[in-house]
Amino acid sequence: MSYNFIDGWQQFVGGHQESNQRKSMKDLLWERSENWKVDRLIFERALLEGRKEDVLKKYPQYVNAIENYFTGENDPSGNNKYLSKMVKLLHTGLQNWEKRMATVDQAPDEIQKGAQANNEAERIKIAVRDFHKLNKYMPTAQGGRDLNSYKTIGDINQALDNAQSVAQRKELEKIHKEKVRGDADRIYQDKTTLVVRPNSEEASCYYGQGTQWCIAATNSRNYWDDYANDQGAVFFFILDKDAQLREAERDKVALVYNADHNESEFPFDAYDTVDDQLDSSDITGYWEDAWNEEKVSAVFNAIQQSLDEDPPEVGVDLYVAAEELQEYANREFANSEAAENIYVSIEMDYEEEGLQAYGTISYVYDLNYDRHSEGAMESLRTAAEKAIDEVLSGDYSDAEVDFDGEKLHITLKANCEECYGGSTREARESAVQGARDFIDMLVYSYADNYEAEREELRNTLVDRKILGPSEWDFKRRDMKAEVEKLPHFTSRDLGNLILFELVEEGISTPVIGKLNNKREQLYTIFAANHVTDRGYNSKNFNIALRTKLDKYFSEAKAAAAKQISLPLGDKYEEPKAAPWNPYSFDIYLVPDINGETRMKLQYPIGEGRMPSYYLGALKSLNDNYDQIVKSAREVFEEMMGKQKAKDAKKDEEVYSGKEAMELIRLIDGVILASEMNDERREANVAVLKWFQENFEKMTPVERKASTSYLMKMRQHITNGITGLYRIEDDADVPIRFESEVKSKMEDIGAAIRAQGRYKWSGKRDDLVESVRNRVRQVIAENLKK
């Protein structure tokens, strides 16, 4: 390799550059002052058309996008400043799209290509328009405001998201500042003095800056709520610029008033700038030396007028609180599973000093048998009360059990014991909080899990023969008993739903393949989504498998249709009356710690379906278990095989050095064109030279790590991140190269111990020495091209 990187960039930087064109433009615009405006317009027009012509020459195939999407009224800059980059983004985007289509063995026609080009151009037009609009909100560092510094439309959209967040934050800050100022009443103001009455914690913090008041704290707990909301206190801040007051630490004073202290000259409390308490018995005396008598009188008269117009509150309005709490309760239960079964009432108590709050929770069940005698019913009522106490929360005060015709009615009653209030402000506010806590308790204890607890209670009542089994109970029992006879299905009872799962034996799901890197291959090969504890759902895998299983599920449906009389006792109905979708199952991939991947195939059967109809299908599927699993393994291997072929082709370019050498060439060009300082430039070039000199000595895993390292280097330097790539004075390799190798060792399954022992040795293993000459030859051939 004859190219000398250090000499190349130094020659570029040190070379003498002249531009007669630049000088003539300057002459045109500035030296001919008598008509420079006209000349400048001519120049800008020429520049506009010149940029367009240059791009059309380079990308004539995109003339439609250039005319319809990127120029004219669609050009936010007005001078085609972004045109070259927009077309380059379009070109790159379409190339990537065609590669993605190739991965799924699809060859788009010209109509599809044209449609994709229009879609991509529209996305780019919108992104560049927003980029121009939000440019001032982007960081200036690392070329953040330069469209050319972004590689893909995805990078631009990410930058736009960040810029939009900055713009929104600045707008919110502006709105917040205006709101804060609006949250305080200006009571008095002259050239040196401002008196405000803050009405919020934010306003208190804003106007209390520079003090140690606890109601203005921002770095520790703020006590505004404790005083203003809990105790009903109001504050007035007297802010003065007088130097004498500042020296005495009284340039900012907070006066505190409440319902019992509402005369301006006699506040409940007062504090100076450093939060020392002042004598409030004659507060006006603190300003007599700094103000004249008329100003003292004007300030405190203004405070008194504010106190008279808007006096400190004596406490919470219980009538309003009761209405708001009732609305809160109605809203909470309307959004729960128990919308029709929980009722809460909130009212003022008879002394008008607190609240009365009570709730009822209802459960209604079919008896499923004829009514018994009153004596028998009383015994059942006692047994039901015991079951209720065992199953349901103990937060209720009473349980009513009523056998009404064919129904069992259970009504739980709960009363709020923390809502009684009292004569003080704090007691009444405590009653309001107690009522809210009571509502939240009912939501947590009963509403959130109403259906699950209702089913649990029903099962308990059935087990204790207080209720008779329902038709679903019989079907569920018999269905599970029948499925237990099938060696390749197991069941999981969820109450009103049963999951029947295909298994190899017992509860073991079938193994269909093995993954070398679970996370990476699940996402890259199978495009899977993680679904909580059930496994990974892969749309690609499911579609391919369903196609192969069509025969077996058609047989299953036919088998179900033949069962006119079924073991569970219900009658078969025609499919139009009881439709059944043979593909109404769920498939998940579940890899274990060793990479073995199992297939979880589940059929959910609920109370609303006809279980006996599904039983015939399950039996047919059980008989075809081997073929189903074989099909799943074939699909798994086909998808893995396609990816292996792609990986092999890519690895060939990596191991031969073709990709690494191309990256070195590209990075060198980026370094020459960048504006980094000389020290950084030399360090970056030294890293490239190291890879150039040592690539032939590397093992395959080191070559893979080198290629990955160079790809990151190119991306970072393109984005202005240049300080990461250097070789330390006491090191033999670029920083982080060995970490990159260890990462690749982990990907291929190397032991942790082997990863920890790795260190660059500078030579190849003896086992691959025989191919060294061939590798040299391939690299040399690629460099000549």
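Please refer to the structure higher up on the page.
Presented here is a report on the structure given in the accompanying data block. (Residues numbered from 1 in each chain as written. Predicted model: local features only at pLDDT ≥ 70, side-chain atom pairs only at ≥ 80, totals over all residues. Heavy atoms only, no water.)

This next bit is on the overall build of the protein. Assigned secondary structure in the protein consists of 26 helices and 16 strands. Looking at the protein as a whole, 42% of its 785 residues are labelled buried. As presented, the protein carries roughly 44500 Å² of accessible surface, and 46% of it is formed by carbon and sulfur atoms. (Helix = DSSP H or I, 4+ residues; strand = E, 2+ residues; numbered from the N terminus. Buried < 20%, exposed > 50% of the residue type's maximum accessible area, 1.4 Å probe, protein only. Areas by Shrake-Rupley, 256 points an atom, 1.4 Å probe, with all protein chains shown as cover.)

Strand order in this open sheet of five strands is β1-β2-β3-β4-β5, and the pairing throughout is antiparallel. Sheet topology places β1 (184–189) and β5 (269–271) at the edges, where each strand pairs with a single neighbour. Sheet twist, expressed as the average angle between the axes of neighbouring strands with direction ignored, equals 20°. When strand β3 (residues 234–240) meets strand β4 (residues 252–257), the two strands line up antiparallel, connected through six bridges. Each bridged residue has a counterpart across the sheet, and for Ile238 the counterpart in β4 is Val253. Lying on the sheet, helix α11 (residues 293–309) is in contact with β1, β2 (193–198), β3 and β4; it crosses β3 at an angle near 155°. (Pairing = 2+ DSSP bridges. Axes fitted to C-alpha atoms, helices over the stretch in contact; angles between N-to-C directions. Contact = heavy atoms within 4.5 Å.)

As a further point, take the pairing of strand β15 (residues 586–591). With six bridges joining them, β15 and strand β16 (residues 596–606) adopt antiparallel strand pairing. Considered in β16, the bridge of Asp586 is made with Gln602. Between β15 and β16, which pair antiparallel in sequence order, lie four residues; one of them, Gly595, sits at a positive phi of approximately 90°.

This part is about the nonpolar core. Of all hydrophobic cores here, the largest spans 49 residues; its most connected members are Leu412 and Leu461. Residue assignment for this core shows that the elements contributing at least two residues are α12 (318–334), β6 (342–348), β7 (355–366), α13 (374–391), β8 (398–404), β9 (407–415), α14 (425–447) and α15 (450–463). The element contributing the most residues to this core is α14, with eight residues. Apart from the residues lying within four places of it in its own chain, the contact partners of Leu461 are Tyr365, Ala384, Ala387, Leu408, Ile410, Ile466 and Leu467. Core analysis: the next-biggest nonpolar cluster, separate from the first, contains 41 residues, Leu486, Tyr536, Phe553 and Ala556 among them. (Core = buried A, V, L, I, M, F, W, Y, C linked by side-chain atoms within 4.5 Å.)

A few words on the environment of Asn459. Tracing the backbone through its elements, the reader meets Asn459 in helix α15. Accessibility expressed as a relative area gives 25% for Asn459, which makes it partly exposed.

Inspection of helix α24 (residues 737–747) places Phe737, Glu740, Val741, Lys744 and Met745 among the buried residues, and these make up the whole buried set. The buried residues of α24 occupy an angular sector of 145° when projected down its axis, which confines them to one face. In α24, the exposed positions angled more than 90 degrees off the buried face are occupied by Ser739 and Glu746. On its buried face, α24 sits against α22 (678–694), α23 (700–718) and α25 (752–757). Downstream of α24 by a residue or two, Gly749 has a phi angle that is positive, lying close to 90°. (Arc of directions from axis to C-beta.)

Purely spatial values, then, with no claim about function.
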